Amino acid sequence: RLLSVLRRRCDIAGKRLSGPGLAAEGRVLRAMLYVYNSRLLRHRPYLALQQVEQCLKRLWKMNLVGSLETLVELIPKKNVSDAHAECLVPSQPMLETVALKVLGGCKLVLRLLDCCCKAFLLSVKHLCSEEFILLNTVASGLLSRLWFVIQYRCVLQTLTSLYGALWTVLHLVSETQQTPYIKGFTFPSDISDFLGVNVSSEAQKQKAKMLTTKKSTNWMKKLFPAMPEAVSKVGKKRKSETCTSAVKNHSILCPVDIGETVV
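Conventions used here
- Residues numbered from 1 in each chain as written.
- Predicted model: local features only at pLDDT ≥ 70, side-chain atom pairs only at ≥ 80, totals over all residues.
- Heavy atoms only, no water.
- Helix = DSSP H or I, 4+ residues; strand = E, 2+ residues; numbered from the N terminus.
- Expected span 1.5 Å × (residues − 1).
- Buried < 20%, exposed > 50% of the residue type's maximum accessible area, 1.4 Å probe, protein only.
- Arc of directions from axis to C-beta.
- Core = buried A, V, L, I, M, F, W, Y, C linked by side-chain atoms within 4.5 Å.
- Contact = heavy atoms within 4.5 Å.

- Looking at an unreviewed UniProt entry, the protein chain carries the name NEPRO protein, with the source organism given as Platysteira castanea.

This is the structure we're talking about:
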């Protein structure tokens, strides 16, 4: 029963870590850092983005998904009905290695969420100061999506529940036969003590901080103030005339960007 629970939680954690959301946001982040590398070396939001990218890079470098797949292959697929029957289980060194990687992965994901929150707040702050509007607009959207992907897919919560199943199996295996691989380190029974924070409460604090900043700054109205009604009517009339002329003139290969969809 414990092995089946461990197998199921390993599968869930592997799917959530290797999902398309994290990979896509990581590619966009790397591309943006590459484009602005020579221009914004000392810009604070840019430096904060580099910290986010560093956390993502370390998370992929540790190959946690590969270790989980290897562990799943060592767990027998069929449940043993007889309580006294022999059953192959993963060795203590293998369980310790994966448990240590899960602990490190939890620390990295927690750090990644914190860096996303700080970089988002910096981007919005500099956006309100009308500095590097394009970069900070894209960065704030990217960071909020990345934070949301991790929270929506419950990556950190999945890893913490996986560690609970790992620790239980590791404790039983070590009682059967002591073959420790990692020495000088005691695996904590409660992962919250190791992380030092409550996962759910920390996420709620970050979410409240980001939403409060969005609401209080109201940077869209500062950057794009409302136009007078007369100017707005003239602008709408010109845009409709431009749309009509662009549709009638089929020889236009590159129409002017008028800000509205042209059929």
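Read on for the rest.
**What about helix 2 (residues 20-35)?**
And then number 1: Relative to the 22 Å expected for 16 residues at 1.5 Å per residue, helix 2 spans 23 Å between its end C-alpha atoms, a close match to the ideal helical length.
And then number 2: Every buried residue of helix 2 is accounted for by Leu22, Glu25, Gly26, Leu29, Met32 and Leu33. Projected onto a plane normal to the axis of helix 2, the buried residues spread over an arc of 130° and lie on a single side. Turned more than 90 degrees from where helix 2 packs its buried face, Pro20, Arg27 and Tyr34 sit exposed.

**Details of unusual backbone geometry**
And then number 1: A positive phi angle is found at asparagine 63, which is not glycine, with a value near 55°.
And then number 2: Position of asparagine 63 among the secondary structure elements: in the loop between helix 3 (44-61) and helix 4 (64-74).
And then number 3: Given a relative accessible area of 44%, asparagine 63 falls into the partly exposed group.

**Comments concerning the nonpolar core**
And then number 1: The biggest cluster of nonpolar side chains holds 65 residues, and the ones touching the most others in it are Leu6, Val52, Leu71, Val102, Leu159, Leu162 and Leu166.
And then number 2: The set of elements that each furnish at least two residues to this core consists of helix 1 (2-17), helix 2, helix 3, helix 4, helix 5 (92-128), helix 6 (133-152), helix 7 (155-176) and helix 8 (191-195).
And then number 3: Examining the composition of this core, we find that 18 residues originate from one element, helix 5, more than from any other.
And then number 4: Sequence-distant contacts of leucine 159, that is, excluding residues within four places in its chain, are made with Ala13, Leu17, Leu64, Val102, Gly105, Cys106 and Val109.

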